[in-house]
Amino acid sequence: MSTPPVRKQLPRHVEPRKLVTQGASLSGNAPTAEMTRLADAVISMDEGAQVELQFFRDQEGHATVEGKVGLEIALQCQRCLQPVHKTLAGELHLGIAWDEERAEKLPERLEPWIVDTDVADLFTMVEDELLLALPIVAYHDEDQCPGTTSYSTGQFEDTAENPFGILAQLKTRQ
Ligand SMILES: [Zn+2]
């Protein structure tokens, strides 16, 4: 039996500009226990989001973060109202900016990440990215949705009832 690899937890507080200067890569888990905005939007979620980040200065000199966030969640299926399990996956292309004014000057390909001090909360940024990756509505696949099954069972019962209905009528006639 193999045990799953223990994933390293990401640091919560990082210095993004220093990481850019270092050309740093970070990967690991971001715990979701305090991601209350995300918790409000889902039925349940994994304890940790998987995060891969690369910090670098792009060719135009913008302090940039690229990477991926992923999280197993359950949402409410809008057909049957039961939980439906989904993998949230987001790709990020962030430009680090000191304030709104400078954020507006970033090229469109970069989403602003406003960091107005040296230190930023990485988990909040990850939560923002996961919220952006949330689908607006969620459904089971049709062949796995109890809502679909009960609907087609209903149809089946309708057609199945007819012969009995006819038999009953015949019996009454006898
Ligand atoms: Zn469903």
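No experiment lies behind these values; they were computed from the predicted model shown. (Residues numbered from 1 in each chain as written. Predicted model: local features only at pLDDT ≥ 70, side-chain atom pairs only at ≥ 80, totals over all residues.)

### Remarks on the overall build of the protein
- Each helix and strand in the protein was counted, giving five helices and eight strands.
- In the protein, the succession of α and β elements from N to C terminus is β-α-β-α-β-β-β-β-α-β-β-α-α.
- Here the protein holds 174 residues, and the buried ones make up 23% of them. (Helix = DSSP H or I, 4+ residues; strand = E, 2+ residues; numbered from the N terminus. Buried ≥ 20, exposed ≤ 12 C-beta atoms within 10 Å, placed from the backbone.)

### Some thoughts on the confidence of the model for the protein
- Scored by pLDDT, the protein comes out at a mean of 87, with 82% of its residues at no less than 70.
- Low confidence marks residues 151-167, where pLDDT is under 50. Its contacts with residues over four positions away, or in another chain, come to zero contacts. (pLDDT = per-residue confidence, 0-100. Contact = placed C-beta atoms within 7 Å.)

### Looking at the nonpolar core
- Core analysis: the biggest nonpolar cluster contains 34 residues, and L122 and V126 have the highest contact counts within it.
- Of all the elements in the fold, those that place two or more residues in this core are β4 (48-57), β5 (63-76), β6 (83-97) and α4 (122-133). (Core = buried A, V, L, I, M, F, W, Y, C linked by C-beta atoms within 7 Å.)

### Considerations on α4
- With 12 residues, α4 should reach 16 Å at 1.5 Å per residue; the first-to-last C-alpha distance of 17 Å fits that figure.
- Among the residues of α4, those classed as buried are L122, F123, M125, V126, E127, E129 and L130. (Expected span 1.5 Å × (residues − 1).)

### Re the environment of Q9
- For Q9, the position within the fold is in the segment before β1 (13-14).
- Between the C-alpha atom of Q9 and that of A49, which follows or precedes it by 40 residues, the distance is 9.6 Å.
- Leave out the neighbours within four places in its chain, and Q9 touches G28, N29 and P31.

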